[in-house]
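Each chain, letter by letter, is given below.
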Amino acid sequence: MQIITYPHPTLRRVSKPLRRVDAELRQKIREMFELMYAAKGIGLAANQVDLPLRFFIVNLEAKPEGEELVFINPVISLPRGGSEESEEGCLSLPGLYGPVVRPKQVRINAYSLGGDEIQLDANGLLARCAQHELDHLDGVLFPDRMSATARVDIAEGLDEFEAEFRSRRDTGGVPSDEDISKHWMEWESRYA
Ligand code: ZN
């Protein structure tokens, strides 16, 4: 398992709701936490490790000592209250950062790994992180949420990721679109 980077097609896939959790998926989720810690991230969506399924993980401390959260089939409702701008980055766009305006407070409804319903009123970093991760599950990346003027600053960085992706594909380092969609169907037929 590895974290895929922009513009891998799975990052644009709208993830399918998860219907069941088994030992293999639990193992994948364990691996996701390890990958996230190694990359010093605080959140990771399933499609960032090429699993087209609707869940994400969070640990705001970015290390095993912190609280490990798993949000399955999450829904976010936007309460009253204002928005704020803050700098975001993404493990699928390493090295790129930019300002994104998001609601300050959100209510998150989801299921835990154990199948319990979770309802959480989040603010601060958790609210921002959850919105960023939920965007991933809908195929949305943080630059999509940046203003056109701010995006100019990272345009060159995005171009470099695209060029690198094309060259890795030319040398067989990335599967074809056809193989990627076969992989999606396989996972979706087992879990979605
Ligand atoms: Zn991200």
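The text that follows walks through the structure, step by step, so that each part is easy to find.

Calculation notes
- Residues numbered from 1 in each chain as written.
- Predicted model: local features only at pLDDT ≥ 70, side-chain atom pairs only at ≥ 80, totals over all residues.
- Heavy atoms only, no water.
- Helix = DSSP H or I, 4+ residues; strand = E, 2+ residues; numbered from the N terminus.
- Expected span 1.5 Å × (residues − 1).
- Buried < 20%, exposed > 50% of the residue type's maximum accessible area, 1.4 Å probe, protein only.
- Arc of directions from axis to C-beta.
- Contact = heavy atoms within 4.5 Å.

Considerations on helix α1 (residues 23–38)
Between its first and last C-alpha, α1 extends 23 Å over 16 residues, near the 22 Å set by a 1.5 Å rise per residue. Those residues of α1 that fall on the buried side of the exposure criterion are Leu25, Ile29, Met32, Phe33, Met36 and Tyr37. The arc that holds every buried residue of α1, seen down its axis, measures 130°, which confines them to one face. For α1, exposure combined with an orientation more than 90 degrees from the buried face picks out Ala23 and Ala38. Those residues of α1 that are buried are in contact with β1 (43–45), β2 (55–58), β3 (69–77) and α6 (177–191). Phi turns positive one or two residues past the end of α1, at Lys40, with a value near 60°.

Brief notes about the environment of Ile4
Assignment of secondary structure puts Ile4 in the segment before α1. Residues Ile4 and Val174, 170 residues apart in the sequence, show an inter-C-alpha distance of 9.9 Å. Setting aside residues no more than four positions away along its own chain, Ile4 makes contact with Thr10, Leu11, Asn47, Gln48, Asp50 and Ser92.

Note that every value here comes from positions in space, so none of it alone points to a role or purpose.
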